[in-house]
Each structure stands twice: as structure tokens, then as C-alpha cells.
Amino acid sequence: MRIEVQPLVGFDQLLTYGVTEKFFARIKPGCLVQIPLGRRRVLGVVFSLDSKEEIAADKLRFVSHLVQEEPVLTQDLMKLSKWMAAYYSCSMESVLGAMIPAAVRDGMREKNEKLIQAKSKLESDIVNEALKRSPKQKKLFNFLTAQPVPFRKKDLIHGHGFSENLIKGLIVKGLAVETAEVINRDAYDDDLDFEGVDAEWELTCEQKEASTEIGKALEREKFGVQVLHGVTGSGKTEVYFEAMEAALAQGGGVLFLVPEVSLAPQTVSRLRARFSKTGEQIVVWHSHLSSGERVDAWRNLTTGKARIVVGARSAVFAPISPLRLVIVDEEHELAYKQEDTPRYHGRDVAVYRAMLNDAICVLGSATPSLETFRNIERNKYKVGKLLNRIDGRKLPLVHVVDMRLDARREKGTPILSQSLLEAMRQRYEKREQSILFLNRRGFNTTMLCTDCGWVEECKDCSIALTFHRTDGYLRCHLCGFRKVAPSCCASCQSLEVRRKGHGTQKIEDVVSSLMPRRAKIVRVDADMMTKKNLFRETLRDFRRGKIDILVGTQMIAKGLDFPNVTLVGVIDADLPLRMEDFRASERSFQLLVQVAGRAGRGDRAGEVYIQTYAPHSPSIQFSRKPDIDGFIEEEMAMRRELAYPPYRHLIRHIFRGRSLEKTEFYSNEWRKLLDAEPLTGVEVKGPALAPIEKIKGYYRVHLFYFTGSIQTTLSGLAKIRATFPLDPEVHDILDVDAHQMS
Ligand code: ADP
Ligand code: ZN
Ligand code: ZN
């Protein structure tokens, strides 16, 4: 018997292998097998149970081992992997690497972690005596005793730099023990005591209507995409849950995607509360899972014990079968786009996977992406709207604070305006809570006149020029245009053309110095995310009212629901606006609407202060109401005019190399080739230096292709690339439907 196997490493195409008849009976498509490849033995996935390839009997090699009887890939995932490799122009190896977690590849067996723990109840004299002449062991011992939990041996060695011998030494002295058990296989302990997670409500009329629509779509048992466009606090989650019940009742499974699991603790708790009652197991899929937890999660799904998965981007590959419903919450979020190979967009893959299964995909957001609006416009997606907040709660009152006035008054660049400060003081006196929000995703390397709000833009690309510190030039990173950075504002001749923003630390300091001393101010930022308990504890303290003011970056912008928050301040609304990206305005609008949505979710109305140097920009004006339709109309018109996405696809081609000269040389040569034999229907921009011109010692130069068809463009590029004599020290990659411009 001959079968086709896709190796997980080393070879990017299906290979034919032989199997004995007895073996053949046990193998199914999607099974993980071990195969000889060259001189190595590697893992591979069985893609087909017959092969047309003629191979002489003496050349045929045989599958050596079936890793486990249950397939690791469902039929639809196998199809999906092929589509992804083609659409995102990446190897099968990278796609399968993303689909099959390492823990599963390692053989599906439960993996016991080696744990190290200091012995308890030791006399301190004995310990001191034993460690007297060994300061290193003493350091390790102190480290182990500082926390009563066992440590993973791996982490001690790789994370904290203790050597294997050192650990052994401590064990030999009887001061520590090694155990081998799996510490915590329950992937998610809801220790966030949300009030009312298990409440049951009568659905509002709007919610009912939206649910009925999705319900009907589910009954048709055909593929369809339903956009749920609902203002913040309109009760979208409840609509998702209704749809889930319908899908489960049909005997199908549900995939629930959120941008980032640790930012959606309430959603997870509500899911648990609602579906555990009926005996459903819910698999929480996130990046912190230990290999044991991941194997468990995986097995619960492949055996059909669990039918609900909630997780971030990579959960889109969870082996649920049959899949009836895919929900993508906050579908506009950037976090769905993976910025490493394979550079896929989780939302788009979700839609494709739903299609492969004749399932329904629900895309929910208060501020859907322009890509999604375009698909609604073209009648590819249906849309249902929730226009009102639950219980008719009002959307917050939004004040736009013109920072140019404060800047003139105070000289320099003030962090807090008088009006926002005054509002925060009032909240504090009333024992209400505030959130101060700062966006730091940009690089703050565009120039901004703090006197008049002027920003220098590229005349061809209508994006802000970026300032490069190394040579003092302003550059357009789309087309490569450059000019010497001016020392004063071109519009009002002011010398206040600043190039830097503030960090959260600075803001915390300033706020602390200006607020009453007893006010409790806590900062959350991305560093905190690495310590997930710290972040959750902070949220819990905030919920319990132990914190008056929470200062943070985009991570506190969405999803969280704190009833006592009545004030939200946006410190520098211009940072995303000034980003050197044609999506800057869209992102800035989405962010402002989401942030504003954090205020006034309880009984009291909320207020929002947006500090800006560009008070008249559309993303700020439209976000006041918010007037989503107005914004979309204007922004769509702009994109249509420039033929930017969503009117065309965008492929970003990045060249990377240690030598700037070489990297620039080859990207210029490449452009010359494209000009000599233009690809039909493709507009090329660049090469240009990327805004982040160097990462980890590698210079980055990129080109952009605007095109109506990914497929023809990719095959055209591949043809030219095949004979392009690229220097071995310069690498290039394609980013299809690129979102990151930096
Ligand atoms: P969204 O995701 O649209 O911002 P949520 O789904 O988080 O909104 O709902 C907002 C709040 O309203 C939540 O606290 C939720 O518990 C509550 N809620 C949802 N539906 C109802 C309802 N039908 N009746 C009363 N409260 C509801
Ligand atoms: Zn340009
Ligand atoms: Zn000016």
C-alpha cells in the first residue's frame, strides 16, 4: 500500500511512502507518523491513503511508526493548511507547526514535568552548616524557599540560570527534592469573582432579533458570515451565547475566538457559568498552557469530550469536529494578525474554516474593520446591529480637549490638561473610579507641532513621514521619499516640533504628584502581562474598589466591564493618529470608541476626556458621538480614492540583512526587475527603509504590492523570484494582507 505523507520538517511537499497491509488498516488521514527522510527519522502527517506516484519497489521507503491512532488533524484542518500555505505564501512546515502544538507532536503522551522543591521544616542551623561553603547553592536554596510552590526544573535552568549540577548538589545534601508530577492541569482557574456572571436575563428586543437572524442562518446548514455590529455595552456576548446553544443543540462544536485570553477573563467566566451547567466542558486555549495542559485540551477535543473552545488566534486550529459555529469577538483587533511566519489573519482563517465546514461565522465588534464593512458592502457578509446599550444606559459624554491651548499656557508638552485633572479630582471625592489611557503602539517618531497640530505627510501616500534619528531625515516608508527634517513647523513656524511621547511610568508619576496623597494609582503595562497573576490581581483590586485610578496602555482599552468607572481620560489621542500607516485613522477611531466604552457601564453616566493636538481630525470628531457610519463613509472614500485596502489587497515584501548596503542594493535590483516586466494589475511602491530600520542587527527594507488578486500576484512574484540572484546574506519574506507597516 502507498500513502502520501507531509513531513513536518525538511520537505515542503507530499512524499509517497509504503505501508504494510496490517499497518494500513490502522492509519487514517490526519494521523501522525514517523518516516525516514534522508538519513533522519522525522514526523509527518498522512494526507492521503493512496498515491499515484510511481516509485520502483526497491526505491520505496516505508513508514516506520504510527505515533497514535487518533488523527491529529481533522479533514477540514488538512484542507485549511493547504489553503493557508498557498494564500499566505508560506511553507506547509510553518503552517503545520502552527496547527499542531509541540506538545502534541512530541507524542501525545502525558508529559511529566520534573519539579524541584526545597525541603520544608529544616532546622536553620543544619541548612546554614550545609551551605556554608557553597554560596551558589545557598542562592538556589533561598530562591526555592522564597515561594512555597515547586519550580519546574526546566525553568530553573533556562529561566533563572541555575545549573543542573547545582540542583543535583542541593538534592544530594537533602535540602531539596525532585518530583515528577504535573502541577496544574486545569488550564484556567476563574479566581476573578465577577458579580453576576451566572445571571440570566430576558433578552432585549435587539438581542432577540440578532439571535433569531443567526439562528436562522444556522438552520440553513450552509456557510455564512454574520456580522454583529453592536455598540459597547449592548450585550453582544449574550447573543453569542444564544447562537452557541443553537449550534450545540444541532450536535455541533463551537470555536470562540477572543483577541487575547487574559484580557477576556469576564467572557471566560461567563462562558463557564452558562455552559458548565448543562455539562459542557470548555477548553480554554492560550499561550500559557503547559504542555500537559495542552495535550489534555487536545485530547478532550479530539475525543469529543469537549465541544467548546475559547482562545486567542491560534485556537482557530483547535481540532473540533463537526464545527458548526465560529465566533470572532472584537474582529477588528490587530491581535488576530500573526506577525511571524505563518503570517495569517486569525479572523480570515476563521471565516475560511467556517466555509470548509458549512458552518456559520459570527464577527462581532463595536467598530468593525473596514475589511469587514467592505464585505458587507459587497453582500458577502450579513449584518445585524445592536444600537442601544443594555437598559438604555447612555453612552458617555465625550469632551475633546484641545491640548494646543494647554501647551501654550504651560510651555512645553503638558501631560494632563487642567480639565481632565479637575474631573479626576471630582471623581476621587465621589469615590468613583477613573481610567487613564495611553496608546503606545506607535513609535512616536512622527513630527507634530504642538502649537498648531501640523504633521508632515507624504504627498503621494498620505501617511505621516517618519523621523529617523540616525541621519535626521524624514521618510515615507511606503514609497521611499525623504527630506531633511525641518527645525520648525512648516505651517506656523513654531519651534515646538516635538518627536517624543510619554511613557506610562511618567504619567503615573505626574498623576500621583497632582492627586490627593491618599488616592491609589496603579499602572498596568505590557511588562505586567508576563506575570499573568499580577495582572489579574490588579484587575480584581480595581473591581473591588481598592484602586482609584488605573493607568495603562491599550490592554485596558477593551473588554473590561467595571461598573464604578465613570471617567476615562485619553492622554494622547494623537499617537495612533500620527502613526506612519494608512490604517492609523481607523485604528485611532476604533480605540477611542472602545476606550470610551469603558466608562459609564454601571448606573451612573460616564464621561470621557480625549486630549489631542488635532481636535478636528475625523477619527476624533466621529468618535465623539460615536458616529460609526459617518466615519466609515469618509474613511472608505479615502481608501477608495487611493485604492488602499480594503479596495485592494496589500502584500508587503521585506528584505532583511546585516549589511544595509546589500539589503538596499538587492531590493533596488528587485524593483528594477519588476519595472522591466511589470506584473499586470499590481501597483508597486518602494523599496523604502522600514520605520523600524533595524531589528536584532538586521536592517529592513520593504516594498509594497497593491493588487486585486493575491493568487496571480503571488505566482507572478514566485516566477521572478525563482531566478533572482539574491545574496545568501539577505533574506526576504512576504506578508500577505499585511497590517504591520513598521
Ligand atoms: P458588549 O460585549 O456588547 O460590550 P456585554 O455583552 O459585555 O456587552 O454586556 C454588557 C453588560 O450588560 C454585561 O454586564 C452583561 O452582563 C449585561 N447584559 C447583557 N445582556 C443583558 C440583558 N438582556 N439584560 C440585562 N443585562 C444584560
Ligand atoms: Zn510616500
Ligand atoms: Zn505649527
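Structure: above.
Our subject in this report is the structure included herewith. Being a predicted model, the structure only gives us computed values, none of them experimental.

### Remarks on the nonpolar core
Here is step 1 of the chain: Counting 80 residues, the largest nonpolar core has M84, M99 and Y705 as the members making the most contacts within it.
Here is step 2 of the chain: At 7 residues, the largest contribution of residues to this core is made by helix α2 (residues 75-87).
Here is step 3 of the chain: Among residues more than four places away in sequence, those in contact with M99 are L73, L77, L80, S81, M84, W298 and F317.
Here is step 4 of the chain: A217, V239, A264 and V268 belong to the second-largest nonpolar core, a separate cluster that totals 30 residues.

### Quick look at the pattern of salt bridges
Here is step 1 of the chain: Within the structure shown, the criterion is met by 36 salt bridges.
Here is step 2 of the chain: In this structure, R26 and E69 form a salt bridge, with 2.8 Å as the shortest nitrogen-oxygen distance. Here E69 lies in the loop between β5 (65-66) and α2 and R26 lies in the loop between α1 (21-24) and β3 (32-37), a separation of 43 residues in the sequence.
Here is step 3 of the chain: Among the salt bridges present, the one from R353 reaches D76, with a minimum N-O distance of 2.8 Å. Taken together, the residues span a long stretch of sequence, with R353 in helix α13 (residues 346-356) and D76 in helix α2 at a distance of 277 residues.

### Quick word on the coordination of the zinc ion (ligand 3)
Here is step 1 of the chain: Protein-derived coordination of the zinc ion (ligand 3) comes from C449 (SG), C452 (SG), C489 (SG) and C492 (SG), at a distance range of 2.3 Å.
Here is step 2 of the chain: Classification of the site at the zinc ion (ligand 3) rests on its 4 donor atoms, whose angles at the metal span 107 to 113 degrees, yielding the label tetrahedral.
Here is step 3 of the chain: Summarised as a motif, the one-chain spacing of the donors to the zinc ion (ligand 3) is C-x2-C-x36-C-x2-C. You can see C449 sitting in strand β18 (residues 448-449) and its partner C489 sitting in the loop between β21 (482-484) and β22 (497-498), a full 40 residues away along the chain.

### Focus on the site of ligand 1
Here is step 1 of the chain: Around ligand 1, the surrounding shell holds 17 residues, and the nearest of these are W201, E202, Q207, G233 and T237.
Here is step 2 of the chain: Measuring from an oxygen atom of ligand 1, one finds a backbone N or O atom of G233 at 2.7 Å.
Here is step 3 of the chain: Between an oxygen atom of ligand 1 and a side-chain N or O atom of R270, the distance comes to 3.4 Å.
Here is step 4 of the chain: Within the complex, the protein chains bury 85% of what would otherwise be the 570 Å² of accessible surface of ligand 1.

Thresholds, definitions, all that
Residues numbered from 1 in each chain as written. Chains lettered and ligands numbered in written order. Predicted model: local features only at pLDDT ≥ 70, side-chain atom pairs only at ≥ 80, totals over all residues. Heavy atoms only, no water. Core = buried A, V, L, I, M, F, W, Y, C linked by side-chain atoms within 4.5 Å. Buried < 20%, exposed > 50% of the residue type's maximum accessible area, 1.4 Å probe, protein only. Helix = DSSP H or I, 4+ residues; strand = E, 2+ residues; numbered from the N terminus. Contact = heavy atoms within 4.5 Å. Salt bridge = Lys/Arg side-chain N within 4 Å of Asp/Glu carboxyl O. Donors = N, O, S within 2.8 Å, 3.2 Å for Na, K, Ca; no water. Tetrahedral: all angles 85-135°; square planar, octahedral: opposite > 155°, others 65-115°. Near = heavy atom within 4 Å. Polar contact = N/O pair within 3.5 Å; in protein donor to acceptor, adjacent residues only side chain to side chain. Areas by Shrake-Rupley, 256 points an atom, 1.4 Å probe, with all protein chains shown as cover.

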